[in-house]
Amino acid sequence: MNKLKKFYNNSSISKKIYLQTIVVAITTLLLFAIFILSSLIYQYNYAKKIGTESTANTDAKLTEILSKYNVDNSETSQLTNLINENNQQIINSIENNIYIVLILSMILIALLIFITYKSSKKLSKKIAKPINEIANQLEISKINNNRTDAELQIASEIQTGFLAKPLPAFPHRNDVLLYADMIPANVVGGDLYDYFEIDDDHIALVIADVSGKGISAAMFMLVTKTILENQAKDNSNPKSVLSNANKILATNNEAGMFATCFFVVINTKTGDCEYANAGHNLPIIVRNNSNITEFIGDVKSVPLGIFEDTKYQTGKFHLDIDDRLIMYTDGVTDTFNDHNQEYGTDNLVKFIDSRQFTKISTITATNALVRDLQIHSKNTEQFDDITVLLFARTENNSFHQINITPEIECLNDILLFLDANISHVQPATRNNIELIVDEVFANIVNYSFKDVPDYLHEIVSVGIDFQSDNIELKFIYGGTAFDPTKSTTTGLSEDISKRDIGGLGIHIIKQLSTSLKYERTNEKNIFIVNLKDE
């Protein structure tokens, strides 16, 4: 049986159709033959029964009639035998008819099987041909899809490799903060962001959006990125960079692709900025001293790659310390919800104003904006790439600090901040720092802001300072007064019902640190942890 199954499974489509037709035909004919035989046997038995009963009745009637006329019993017996012989002849005749019908039926069955065999073979060939063609097309399509998926994956890896840069950016610098995020709508996206140092005092930022999607957009994006970076190395004037890049991209651009682009060069010492805009969304500045949102919109021109002779103009603006520059692609404002309502610039500005972008870190601000876009577009398909880049100038000192909102999701933001600033310390010390920050921040969120309804407007500052072989971690936060040092430090063996709030976490922190200090000033909690790098 298993061999038959294996033979059937390994057969071609035409053979399978042929076998199935033969099985159905034979099954039908066998059922028909059984029906005929059953009918004939029933008729034979019925005739035999009738013949026997008829003989018995005839004998009885004949005996009764002849007795009335005093006929001799021997004569009666002779007459009865004559009648019985006649009845037997009738039964024999019926039997012969049954055999004849049976033989004819078998011949008919054999003939039908032969006809079915021939017709099913022809039918299977006629049916199998288009089916085989369809199957072949499906197989070819499957192979092509697999090849396309593989090509997309390769293109995605190439794109990721070109775009992969450490974030937060410029970890060796204390005068700037930069963080970005990009969410492609497909496996391969057409958005790009880039940043690089032109010299010690100048940083270039790029954000662009290539027309189209998929592999072609990704390849055009990579070419655009490479050209812009090469042009910026030779000439830091934004209008020259875009004009030269546009001429290269527009030459022999048979595919008709183009890219919107915003290119800016920032003087990190003075805060003076020069930019050129090739048809891109207007970036936003959030002023630290007033929290006022401004769009940079004085200069704008056509996208890159359309006309070879396009000349771009340079615009200027200024960034003070802790001002925020927000650059984004139209995937942000064009994000739709399930009611077909776009996010838009109004919601973007409203969200920026509600989350104090000048107070929180670029990491937290970027992640918070992306989360808000995901909430807005919940249950809807993403149709365009989403890219956000935030930049800020900071005071140039040895003290590194991140400002975040008291949400447990922001713990990842802190860990990113730490990765960028503690790479030079011993691995064991790095683990201790991360564990301490994890425990302290969780306690801050769970206990200091547990009953604060507008906690999203609060700020938690996490700072790290390196002093010789001593490392100082400083946590500054509002909310309810909470002194971690006064929590009873309990070990793992202590009954959980008897532990104070945060007791186990404080026990861990004390084991890893050299000293703890807490004070509350101007309705702010200040918690300092010191540890050695050893």
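Quick note: structure is the one above.
This report concerns the structure included in the present document. (Residues numbered from 1 in each chain as written. Predicted model: local features only at pLDDT ≥ 70, side-chain atom pairs only at ≥ 80, totals over all residues. Heavy atoms only, no water.)

1. Concerning the overall build of the protein
Then, in step 1: Tallying secondary structure elements over the protein gives 11 helices and 15 strands in all.
Then, in step 2: Looking at the protein as a whole, 42% of its 534 residues are labelled buried. (Helix = DSSP H or I, 4+ residues; strand = E, 2+ residues; numbered from the N terminus. Buried < 20%, exposed > 50% of the residue type's maximum accessible area, 1.4 Å probe, protein only.)

2. Quick word on unusual backbone geometry
Then, in step 1: You will see that N340, though not glycine, has its phi angle at about 60 degrees, which is positive.
Then, in step 2: Among the structural elements, N340 can be located in the loop between α6 (330-333) and α7 (344-354).
Then, in step 3: The phi torsion at E523 lies on the positive side, around 60 degrees, for a residue other than glycine.
Then, in step 4: Within the secondary structure, E523 is located in the loop between β14 (515-521) and β15 (524-532).
Then, in step 5: By relative accessible area, which is 64% here, E523 ends up exposed.

3. Observations regarding the sheet that holds strand β9 (residues 324-328)
Strand pairing in a sheet relies on backbone hydrogen bonds, with the paired strands running either antiparallel or parallel.
Then, in step 1: Taken in spatial order, the five strands of this open sheet run β1-β10-β9-β6-β7, and their pairing is antiparallel. The sheet is open, and its two borders are formed by β1 (176-183) and β7 (293-295), each paired with just one other strand. On average, each strand axis in the sheet is inclined to that of its neighbour by 15 degrees, with strand direction left out of account.
Then, in step 2: Pairing analysis gives three bridges linking strand β6 (residues 284-286) to β9, with the strands arranged antiparallel. Note that in β9 the partner of I284 across the bridge is I326.
Then, in step 3: Along the sheet, helix α8 (residues 362-376) contacts β1, β9 and β10 (386-393); its crossing angle with β1, the most-contacted strand, is approximately 25 degrees. (Pairing = 2+ DSSP bridges. Axes fitted to C-alpha atoms, helices over the stretch in contact; angles between N-to-C directions. Contact = heavy atoms within 4.5 Å.)

4. Section: α7
Then, in step 1: Where α7 is concerned, the buried positions are G344, L348, V349, F351 and I352.
Then, in step 2: Taken together, the buried residues of α7 touch β6, β7, β9, α6 and α8.
Then, in step 3: Looking at the residues trailing α7, positive phi occurs at Q356, about 50 degrees.

5. Side note on the pairing of β15
Then, in step 1: With seven of nine residues buried, β15 lies mostly within the body of the structure.
Then, in step 2: Of the strand pairs in this sheet, strand β13 (residues 470-477) and β15 are connected by eight bridges, and their pairing is antiparallel. Considered in β15, the bridge of Y477 is made with N525.
Then, in step 3: Between the antiparallel neighbours β14 and β15 lie two residues, among them N522 with a positive phi of about 50 degrees.

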